[in-house]
Amino acid sequence: MKRRDFFKASAIGLTIPSTIIKGQKINISKNNPVILSTWNFGLNANIEALKELKNGGNAMDAAEKGAMHAESDVENTSVGFGGLPDEKGKVTLDACVMDRSGNAGSVAFLQNIKHPVSVARKVMEETKHVMLVGEGANQFAIKNGFKEKKLLTKKSKNEWKKWLQNRREMTPHETHDTLSILVQDKKGDLAGACTTSGWAYKMHGRVGDSPIIGAGLFLDNEVGSAAATGLGEEVLKTTGSFLVVELMRQGRSPQEACEEALKRVIKRHNGNPDFQIGYIALRKDGEIGSACLKWSFEYALAKNGSNKLYKINGLIQS
Ligand code: GLY
């Protein structure tokens, strides 16, 4: 805004709210919701999130609804119902949420509950804790009215049986991956959610980055939000989403922050990692960024009345 316009706006009470990031004034995006999510299944998640915002929900309500859509989608074999199981044929789910106040909730190794994201939100809102796992998370869910459901579909069971014949190691990249969703509502507030059935045919008991605050998801309502998809083990080792948000706090753009977080992984793997990680980032002014290590990655962006899928190429080409 020009100096003259700024004074004019101030005089009629329209001063644009702003935040200072590393000495730089960033105008907070308001009245123009932004929804950013991972992979092509993010498009439908964005639609559900937008509906929720239109119905008066806030960023957290919208992020939860978006994630729930992916969890219900039986065709999606890396999230929720229909997700591929672990090596023992068990579908074990990880999810987390964060809201504008920096509150967080998470569940890991949760079985037989269709909407781990909603259980994670309940952990955040109804308990003193951040994270519940396994049997304890399941009991908490049932106590809070969630119904038990068999999550292994016929199709996933058949896939697992085929896999048992040679037990070939899958990568999260092959099985697609996490639904991570970042929302900025019309008040300019941020929230996010992350949900997955994890690495297909993983070891029984394995938990990835998705339920870990700072790894799969992180936000600071004064700066921005970030979320991950891809090989959870490597996101965990670099506290990826926290790093992206901290880099934005230090003045990097969302794009630069995603790329820098990945460059550190590339360096750790001598320039040639053989796995995938993708990041999405949303800054407080509504600007977004996204980058992936290798191959390609898709993110869905709903902004200014459109909801589109964008394909990006990896930082390193093999
Ligand atoms: N990023 C999902 C996982 O590794 O479980």
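That block above? That's the structure.
Everything numeric in this text was worked out from a predicted model, so none of it was measured.

A. Up close: the overall build of the protein chain. A tally of helices and strands in the protein chain yields 9 helices and 14 strands. For 318 residues, the compact-globule estimate of 2.2 N^0.38 gives 20 Å, and the C-alpha radius of gyration of the protein chain, at 19 Å, lies within 12% of that figure. A principal-axis box enclosing the C-alpha atoms of the protein chain has dimensions of 70 × 50 × 35 Å. Taking all 318 residues of the protein chain together, the buried fraction comes to 56%. Contacts spanning at least 24 positions in sequence make up 64% of the contacts within the protein chain whose residues lie at least 6 apart.

B. Region of the structure containing the packing of aromatic side chains. Taken as a whole, this structure holds 4 aromatic pairs when the rule is applied. Residues Trp 39 and Phe 297 carry aromatic rings whose centres are separated by 4.9 Å and whose planes lie at 90° to one another, so their mutual orientation is edge-to-face. Placement of Trp 39 in the loop between strand 3 (34-38) and helix 2 (42-54) and of Phe 297 in strand 13 (residues 296-303) is noted, with a sequence separation of 258 residues between them. The burial state of Trp 39 is the same as that of Phe 297; both residues are buried.

C. Focus on empty space enclosed by the protein. What the rule picks out here adds up to 1 cavity of 30 Å³ or more. In this structure, the largest cavity occupies an estimated 70 Å³ of space. If you go around the largest cavity, you meet 13 residues; those closest to its centre are Thr 196, Gly 198, Arg 206, Asp 209 and Ser 210. A per-class count over the lining of the largest cavity returns 2 nonpolar, 7 polar and 4 charged.

D. How the structure looks around the site of the ligand. With respect to spatial proximity, the complete set of residues near the ligand consists of Asp 177, Thr 178, Gly 198, Arg 206, Gly 208, Asp 209, Ser 210, Gly 230 and Gly 232. The separation between a nitrogen atom of the ligand and a polar side-chain atom of Asp 209 is 2.7 Å. A distance of 2.7 Å separates a nitrogen atom of the ligand from a polar backbone atom of Gly 230. With the chains in place, 100% of the 200 Å² that the ligand exposes on its own is no longer accessible. Mapping the ligand onto the cavity grids shows that it belongs to the largest cavity. Tallied by class, residues from the shell around the ligand come to no nonpolar, 6 polar and 3 charged.

What counts, and at which threshold
Residues numbered from 1 in each chain as written. Predicted model: local features only at pLDDT ≥ 70, side-chain atom pairs only at ≥ 80, totals over all residues. Heavy atoms only, no water. Helix = DSSP H or I, 4+ residues; strand = E, 2+ residues; numbered from the N terminus. Rg over C-alpha atoms; globule rule 2.2 N^0.38 Å. Buried < 20%, exposed > 50% of the residue type's maximum accessible area, 1.4 Å probe, protein only. Contact = heavy atoms within 4.5 Å. Phe/Tyr/Trp six-rings, centres within 6.5 Å; stacked < 30°, edge-to-face > 60°. 1 Å grid on protein atoms, 1.4 Å probe; cavity = no way out; pocket = protein on both sides within 12 Å on 5 of 7 lines; lining within 4 Å. Points joined across faces, edges and corners; volume = space filled by probe spheres on them. Nonpolar A, V, L, I, M, F, W, Y, C, P; charged D, E, K, R; others polar. Near = heavy atom within 4 Å. Polar contact = N/O pair within 3.5 Å; in protein donor to acceptor, adjacent residues only side chain to side chain. Areas by Shrake-Rupley, 256 points an atom, 1.4 Å probe, with all protein chains shown as cover. Sits in = over half its atoms within 2 Å of the grid points.

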